[in-house]
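Topology and contacts: notes
Spelled out from the first residue to the last, the chains are:
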Amino acid sequence: MSYESTSAPHDPVFSPALSPDEGVAAATALFHEAFDCEPDGVWYAPGRVNVIGEHTDYNGGLALPIALPHRAHMALRRREDRTIRLVSPQTRETIDVLDLDQIGPKGTPGEVRHWNAYVAGVAWALEQDGLGPVSGFDAALYSCVPLGGGLSSSAALEGATVVALDEVNALGLAGSAEEPNDAGRERLVTSCVRAENEMAGAPTGGMDQSASLRCQAGHALELDCRSGQVRQVPLDLAGAGLALLVIDTKAKHSHADGQYGSRRAACEKAASLLGVDLLVEVSPEALPQALERLEASGEDGAELVKRTRHVVTEIQRTKDLVALLSDGQALAGDKLAEVGTLLNASHDSLRDDYECTCPELDVAVDAARAAGAYGARMTGGGFGGSAIALVDADAVEQVARAVVQAYAREGFGAPAFLDAVPSAPAGRLA
Ligand code: ADP
Ligand code: MG
């Protein structure tokens, strides 16, 4: 008998969120150690999980993210010069030093390496967007958003940076987490997206940054990715005896970035063949005819049909889910079953038409459904990352266990789990 481990091989492992006090303590201790002085404050921004509306953002459609209780924490002190000094636990031995007057987009001489691009990139982007000049700063980062898990650890870095810089530079655009300046935050989102696109070179849409800055606790964020308009949709999962279980597959397929680009390119091509700016302009009623035209358009007609069908039906599913959640009735019975059906249909469309799932995502979703989830789907960009399952609060453990067992049967590495409580947007903690 072995006493080496207290947990059985099939015990699911949950990634806990740091409490606000723990986040402040961790970021502050790191700041003291690195810079030997007091920070001006500690700011944070959450990761996100998207409930439905996948690969719709760059098509001008709707998404429905929630902010996670898992956050990036940043202790920061304003400097009087143009120097930026950065430290994170992953790079504790070294403090990275940058010059705001020298940094520039990826592929230029001022290119900024690795995670520094997300943080210094925000300062650069604020200035590019006419909100500067901003001062230099020293910052220590401590995040508990799983890195690269499709839960937007990158947007959490940008969000924490932008609310900190907003305050120490007196831009007056963020407000507080409790009383956010939403119009101001919409402008800050633009700079965060610019940092990610141009400095980090990741061609993502704006959903992640909008979620991190514009969600509200107890709500999902209906985000119109074309107009930037948002609406808070009540989502009191605990009150309904439910939980949203996040399954981090820990899988990251190496071709993910290229595939993401090729999906975007296919959507742009389909839109152009159909004579619209963005696929959001194709209504469900006009879809059959649009698909016929795409089918006949050339060699890649069959591919364009599938991609377009996903986008148009996904936008409609998002509208339907928002309507259900907004009807003022309890999330139970037939309504709960309908919500689950929409989540399931979203995954099936992403698997069959958008072809952006992977075995780890499909096995997680199938196992969760078989173990009693009302609905389950992949979330985020796909090709790895995370899935979500809507389950009874008291069934979380049992569903997670079923996923772990299915992974063991398939020979996959163990997944990790998070409890996705709809949480507050970026703000200040201390
Ligand atoms: P996701 O946003 O889904 O987690 P991305 O690939 O968009 O995945 O972003 C992950 C990147 O964000 C990492 O490679 C790293 O550069 C940066 N990052 C996120 N969290 C941290 C952290 N705590 N410390 C340093 N870098 C981080
Ligand atoms: Mg990201």
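Looking up the chain in an unreviewed UniProt entry gives the name Galactokinase, with the organism given as Actinomyces urogenitalis DSM 15434. Turning to the chain, the UniProt annotation filed under Sequence similarities (unreviewed entry) states: "Belongs to the GHMP kinase family. GalK subfamily."

Attention shifts here to the packing of aromatic side chains. All chains considered together, the criterion is met by four aromatic pairs. Between the aromatic rings of F14 and F417, the centroid separation amounts to 5.6 Å while the plane-to-plane angle is 35 degrees, which identifies the pairing as tilted. Placement of F14 in the segment before helix 1 (20–35) and of F417 in strand 12 (residues 416–419) is noted, with a sequence separation of 403 residues between them. For the pair Y407 and F412, a centre-to-centre distance of 5.2 Å together with 85 degrees between the ring planes defines the contact as edge-to-face. Its relative accessible area of 1% is what places Y407 among the buried residues.

The biggest cluster of nonpolar side chains holds 73 residues, and the ones touching the most others in it are V49, L64, L76, F137, L244 and L321. Ranked by residues supplied to this core, first place goes to helix 2 (residues 116–128) with nine residues. Not counting chain neighbours up to four residues away, the residues in contact with L321 comprise V51, I52, L64, V339, L342 and L343. Within the second largest apolar cluster, 51 residues are counted, among which are A256, A389, V403 and A406.

On to the confidence of the model for the chain. Do not read the predicted coordinates in detail wherever pLDDT is low. Here the chain shows a mean pLDDT of 95. Residues at 70 or above account for 98%. Residue range residues 1–5 is modelled with pLDDT below 50. Its contacts to residues more than four positions away, or to other chains, number zero contacts.

Turning to the sheet that holds strand 10 (residues 375–379), a few remarks are in order. What the four strands build is an open sheet, ordered 10-11-9-12; its pairing is antiparallel. The open sheet has two edge strands with one neighbour each: strand 10 and strand 12. Neighbour-to-neighbour, the strand axes of this sheet turn through a mean angle of 25 degrees, independent of strand direction. Where strand 9 (residues 242–252) meets strand 11 (residues 384–392), eight bridges bridge the pair, whose relative direction is antiparallel. Among the inter-strand pairings, A243 is bridged to a residue of strand 11, identified as V391. Lying over the sheet, helix 9 (residues 333–352) contacts strand 9, strand 10 and strand 11, oriented at roughly 40 degrees with respect to strand 10. Running over the sheet, helix 10 (residues 359–370) touches strand 9, strand 10 and strand 11 and is turned about 5 degrees from strand 11.

All right, on to the UniProt feature "domain: Galactokinase N-terminal" (unreviewed entry) in the chain then. Sequence positions flagged by UniProt for "domain: Galactokinase N-terminal" (unreviewed entry) are, in local numbering, residues 30–78. A distance of 16 Å separates the end C-alpha atoms of residues 30–78, which is 12% helix and 53% strand.

This part takes up the pairing of strand 10. The side chains of a regular strand alternate between the sheet's two faces. The buried fraction of strand 10 is high, at five of five residues. What sits between the antiparallel neighbours strand 10 and strand 11 is a turn of four residues, in which G380 has the positive phi angle 85 degrees.

Of all residues adjacent to ligand 1, which total 17 residues, the nearest are Q90, W115, G148, S153 and S154. Taking 570 Å² as the accessible area of ligand 1 by itself, protein coverage stands at 79%. Of all the secondary-structure elements, those providing two or more residues to the shell around ligand 1 are strand 6 (137–143) and helix 3 (153–168). Broken down by element, the shell around ligand 1 gets its largest block of residues, three residues, from helix 3. Split by residue class, the shell around ligand 1 holds seven nonpolar, nine polar and one charged.

Locating L304 in the fold gives a position in helix 8 (residues 301–325). The contacts of L304, once residues within four sequence positions are left out, are A266, K269, A270, L273, L294 and S297.

UniProt records the feature "domain: GHMP kinase N-terminal" (unreviewed entry) for residues 118–213 in the present numbering. Structurally, residues 118–213 is divided into 54% helix and 7% strand, and its ends, taken at the C-alpha atoms, are 15 Å apart.

For the rest of this paragraph, the subject is the pattern of salt bridges. This structure, assessed with the given rule, holds 28 salt bridges. We note a salt bridge from R79 to D81, for which the minimum N-O separation is 2.8 Å. The exposure class assigned to D81 is partly exposed, which follows from its relative accessible area of 32%. One salt bridge in this structure joins R307 and E355, with 2.8 Å as the shortest N-O distance. Here E355 lies in the loop between helix 9 and helix 10 and R307 lies in helix 8, a separation of 48 residues in the sequence. Classification of R307 as buried rests on a relative accessible area of 6%. Overlapping salt bridges bring together E54, E314, R317 and R377 as one network.

Definitions and limits used
Residues numbered from 1 in each chain as written. Chains lettered and ligands numbered in written order. Predicted model: local features only at pLDDT ≥ 70, side-chain atom pairs only at ≥ 80, totals over all residues. Heavy atoms only, no water. UniProt positions renumbered as here; feature names shortened; annotations may be inferred. Phe/Tyr/Trp six-rings, centres within 6.5 Å; stacked < 30°, edge-to-face > 60°. Helix = DSSP H or I, 4+ residues; strand = E, 2+ residues; numbered from the N terminus. Buried < 20%, exposed > 50% of the residue type's maximum accessible area, 1.4 Å probe, protein only. Core = buried A, V, L, I, M, F, W, Y, C linked by side-chain atoms within 4.5 Å. Contact = heavy atoms within 4.5 Å. pLDDT = per-residue confidence, 0-100. Pairing = 2+ DSSP bridges. Axes fitted to C-alpha atoms, helices over the stretch in contact; angles between N-to-C directions. Near = heavy atom within 4 Å. Areas by Shrake-Rupley, 256 points an atom, 1.4 Å probe, with all protein chains shown as cover. Nonpolar A, V, L, I, M, F, W, Y, C, P; charged D, E, K, R; others polar. Salt bridge = Lys/Arg side-chain N within 4 Å of Asp/Glu carboxyl O.

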